[in-house]
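What the coordinates show
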Amino acid sequence: MSYLEEEDYSYAGEALIARPSIPEEVSDEDWGDYLFMRKNPKGKHIEQWQHSSGCRKFFVVERSTIDNTIYSSHKMCETQNRLNNEKS
Ligand SMILES: [Zn+2]
């Protein structure tokens, strides 16, 4: 079990929010969902964090919102590769 030190790292919102590929073809409601609607689970959540007092890179963390348990962390490019592999 490990914890993020919030003095060194900044929460940067839910991860894996896909921008619509052709925004002009998305309804206003779907565009609003893309911009504003986020999950707020009790339990495992996939989040973006930034090493704000270090290299300033963003990365993806699977974290429990209950007790801050970190299940995994990945570079942004690793996460994108994993998503692409799941699609194919
Ligand atoms: Zn860093």
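Higher on the page you've got the structure.
Let me begin by describing the structure that accompanies this report.

Side note on the overall build of the chain
Broken down by element type, the chain carries two helices and four strands. Starting at the N terminus and ending at the C terminus, the chain contains elements arranged as β-α-β-β-β-α. Within the span of the chain, comprising 88 residues, buried residues form 5% of the whole. Sequence separation of at least 24 residues holds for 49% of the intrachain contacts in the chain that already meet a minimum separation of 6.

Description of the sheet that holds strand β1 (residues 10-14)
Within the open sheet, the four strands sit side by side as β1-β2-β3-β4. Their pairing is antiparallel. Strands at the two margins of the open sheet, each flanked by one partner only, are β1 and β4 (70-75). For this sheet, the mean angle separating the axes of adjacent strands, direction not counted, is 30°. Direction of pairing for strand β2 (residues 44-50) relative to strand β3 (residues 58-64): antiparallel, over a ladder of seven bridges. Within β3, the residue paired with His45 across the bridge is Arg63.

A closer look at unusual backbone geometry
Positive phi, close to 65°, is recorded for Leu16, a residue that is not glycine. As for its placement among the helices and strands, Leu16 is situated in the loop between β1 and α1 (28-36). Classification of Leu16 as exposed rests on a count of 12 C-beta atoms within 10 Å. One non-glycine residue, Arg56, lies in the positive phi region at around 70°. Assignment of secondary structure puts Arg56 in the loop between β2 and β3.

Notes on the pairing of β3
In this sheet, β4 lies alongside β3 in antiparallel orientation, the contact comprising five bridges. Within β4, the residue paired with Arg63 across the bridge is Ile70. Joining the antiparallel neighbours β3 and β4 is a turn of five residues, in which Asn68 adopts a positive phi near 65°.

What about the environment of Gly43?
Within the secondary structure, Gly43 is located in the loop between α1 and β2. Once the C-alpha coordinates of Gly43 and Asn68 are considered, the two residues, 25 residues apart in sequence, prove to be 9.1 Å apart. Not counting residues within four places of it along the chain, the set of residues in contact with Gly43 comprises Ser64, Thr65 and Ile66.

Each value, and the rule that gives it
- Residues numbered from 1 in each chain as written.
- Predicted model: local features only at pLDDT ≥ 70, side-chain atom pairs only at ≥ 80, totals over all residues.
- Helix = DSSP H or I, 4+ residues; strand = E, 2+ residues; numbered from the N terminus.
- Buried ≥ 20, exposed ≤ 12 C-beta atoms within 10 Å, placed from the backbone.
- Contact = placed C-beta atoms within 7 Å.
- Pairing = 2+ DSSP bridges.
- Axes fitted to C-alpha atoms, helices over the stretch in contact; angles between N-to-C directions.

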